Amino acid sequence: MLRTQVAIIGGGPAGLLLSHMLHLAGIDSIVLERQSRDHVLQRIRAGVLESGTIKLLRDVGLGERMDREGHVHDGAWIAWEDRPLFLIDTRKFTGRQMMAFGQTAITEELYRIRTRNGGQVIDEAKNVELHDIAGDKPYVTFAHNGVEQRLDCGIIAGCDGFHGVSRRSIPASVQRTFERTYAFGWLGVMSEAAPLNEIMYAHHSRGFALASQRSPTLSRYYIQCDLGTDVAEWPDEKFWNELKRRFPQDVADRIVEGPVIEKSIAPLRSFVSEPMRHGRLFLAGDAAHIVPPTGAKGLNLAVSDVFFLHRALEAWFKRGESRYLDLYSDMALRRVWSAERISWHLTQLLHVFPDEDPFGRRMHLNEFDYLRSSNAAQAALAEQYVGLPFED
Ligand SMILES: Cc1cc2nc3c(=O)[nH]c(=O)nc-3n(C[C@H](O)[C@H](O)[C@H](O)COP(=O)(O)OP(=O)(O)OC[C@H]3O[C@@H](n4cnc5c(N)ncnc54)[C@H](O)[C@@H]3O)c2cc1C
């Protein structure tokens, strides 16, 4: 039988970062990850960091590679068909900057540092089940290398993403979920080529597009596509042509078509599960909420949840104080809903909605023109885009 203070389900960025921050606070944890290490380290996902995420990663000793390889920028550009380019200027309006640095690299760093510090991560933990979460002696069972195991703990942190087991362990009678799905998805390409120097969203009558970055030699591009689109219908040449048609000519001319190393379709979804705590189980990251990637909030929200949760667990294990544990769900959810709102808003603003009528189209256009002309609107957007502060 295994024993630890905090059993962490899921070895993605939320689970690993929590385990690392608990270690710095002298609190013991064991991470149970369903997939193999290779699988986890090869996943390609998010890549734009808010200023609060950058600071936190530096504060916990994860800044060195990020500062060496990441690309600092002052916000994101919007290329709106027939309008001049527009910058969501985070530096001008908030004094803060953002950084492009891939989630894959952050995960690599987290595993490297957890391994160096003797952290326990059990890969390929199958059939994970949570028990007695409403009582004060919770435990987790799982199978590893074909052997059934039991992990006793004081707290369970559910960091196992949208499809994990933790959220489903909360009784339906105490759980409320809120969801919005969208009538389109994103066809994404990762390419081994220098990205544009800036992150740029495009709103075009053919649909939304995004030019983003993961490293000086890796670029990430997306185009809005119909739900039900088959990747096989999109050979590389067709993708590049469509992408370039959605950006102004001078921007399109700067897009370098490198070898495509990944191509996939992601549906867009807004989702929140409340509360983020049930008894001794605390949810963090995608286990509790999903945002559409417009606005790049998913990874950043996982980091802010972990900040709130590690603080609460430190107060509880080290000083016997339960105040932050009791506040965790409400505090995390306040920030979650703010990120949900800005992600939903940017999704509304920047995409083409198939069922939009001419009146809706004028409203849409007017909203962008108002944004371009109003310092107040620009300041509000910049403040949310760069990331709201962590509550005390
Ligand atoms: C394809 C894709 C593209 C994305 N692109 C962007 C983007 O461009 N910008 C952005 O901001 N965000 C993006 N996101 C969202 C962002 O990557 C997530 O918000 C982030 O990964 C959340 O981290 P997490 O640790 O909470 O969850 P995850 O990264 O999902 O980690 C959860 C971990 O739990 C493990 N797990 C699951 N079930 C179990 C189980 N039963 N037992 C044990 N372990 C389990 C999983 O294998 C995984 O390793 C993307 C997400 C996906 C899926």
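Reading the values: the criteria
In every chain, residue numbers begin from 1 and rise along the written sequence. Totals for whole chains, interfaces and linings use every residue, but because this is a predicted model, local features are given only for residues with pLDDT of at least 70 and side-chain atom pairs only at 80 or more, for both listing and counting. Think of the side-chain values as coming from all heavy atoms in the structure, minus any hydrogens and water. Numbering of helices and strands runs from the N terminus, with a helix taken as a DSSP run of H or I at least four residues long and a strand as a DSSP run of E at least two residues long. Burial classes follow relative accessibility: with a 1.4 Å probe on protein chains only, a residue under 20% of its type's maximum area counts as buried, one over 50% as exposed, and anything between as partly exposed. Nitrogen and oxygen atoms within 3.5 Å of one another constitute a polar contact, given that in protein one can donate a hydrogen and the other can accept it, and given that sequence-neighbouring residues count only through two side-chain atoms. Any two residues having at least one pair of non-hydrogen atoms within 4.5 Å are treated as being in contact. What we call a nonpolar core is a set of buried Ala, Val, Leu, Ile, Met, Phe, Trp, Tyr and Cys residues that are connected through their side-chain atoms within 4.5 Å. Nearness of a residue to a molecule or strand requires only that one of the residue's heavy atoms be within 4 Å of it. Any residue that is not Ala, Val, Leu, Ile, Met, Phe, Trp, Tyr, Cys, Pro, Asp, Glu, Lys or Arg is counted as polar, Gly included; the first ten are nonpolar and the last four charged. Strand pairing follows a simple DSSP-based rule, namely that at least 2 bridges must link the two strands. For helices, the fitted axis covers only the stretch in contact; all axes are lines through C-alpha atoms, and the angles between them, taken along N-to-C directions, range from 0 to 180 degrees.

Trainee: Help me get a handle on the side chain of His73, residues and values and all.
Mentor: Looking at the secondary structure, you find His73 in strand β5 (residues 71-73). Its relative accessible area of 6% is what places His73 among the buried residues. Of note is the side chain of His73, whose polar atom sits 3.1 Å from the backbone oxygen of Gly75. What His73 contacts, discounting residues up to four positions off in sequence, is Val48, Gln97, Met98, Met99, Ala100, Ile199 and Gln213.

Trainee: Go over the nonpolar core with me, naming the residues and quoting the values.
Mentor: Leu17, Leu18, Leu32 and Leu56 are the most contacted members of the largest nonpolar core, which totals 74 residues. With eleven residues, the single largest contributor to this core is helix α9 (residues 298-319). In this structure, Phe86, Phe208, Leu350 and Phe353 belong to the second largest nonpolar core, which totals 29 residues.

Trainee: Explain the site of the ligand to me, and be specific about the residues and the numbers.
Mentor: Around the ligand, a shell composed of 28 residues is seen, among which Glu33, Arg43, Arg45, Gln103 and Asp286 lie nearest. With respect to the ligand, the side chain of Tyr222 contributes an N or O atom lying 3.4 Å from an oxygen atom. In this structure, Asp286 approaches the ligand through a side-chain N or O atom, which is 2.7 Å from an oxygen atom. Elements with a contribution of two residues or more to the shell around the ligand: α1 (13-24) and α9. When grouped by side-chain class, the residues that make up the shell around the ligand number eleven nonpolar, nine polar and eight charged.

Trainee: Any details on the pairing of strand β14 (residues 176-191)? Residues and values, ideally.
Mentor: Pairing of β14 with strand β18 (residues 260-274), which is carried by 13 bridges, proceeds in the antiparallel orientation. Following the sheet pairing, Ser191 is matched in β18 by Val260. Note that β14 and strand β17 (residues 218-226) share eight bridges and pair antiparallel. Within the sheet, the bridge partner assigned to Gly185 lies in β17 and is Cys225.

Trainee: Can you lay out the side chain of Thr141 for me, pointing to particular residues and giving the numbers?
Mentor: Summarising the element assignment, Thr141 is placed in strand β11 (residues 139-144). Reaching out from Thr141, the side chain makes a polar contact with the side chain of His131 at a distance of 2.8 Å. Beyond its immediate chain neighbours, meaning those up to four positions away, Thr141 contacts Asn127, Val128, Glu129, His131, Gln149 and Arg150.

Trainee: Give a description of the sheet that holds strand β13 (residues 155-158) that names residues and reports values.
Mentor: The mixed open sheet is built from six strands, whose spatial order is β9-β3-β2-β13-β20-β19. Of all strands in the sheet, those bounded by a partner on one side alone are β9 (120-122) and β19 (277-278). One ladder, built from three bridges, connects strand β3 (residues 29-32) with β9; its direction is parallel. When the bridges of β9 are listed, Val31 appears paired with Val121. Each of β2 (6-9), β13 and β20 (281-283) touches α9; the most contacted strand, β13, lies at about 175° to it.

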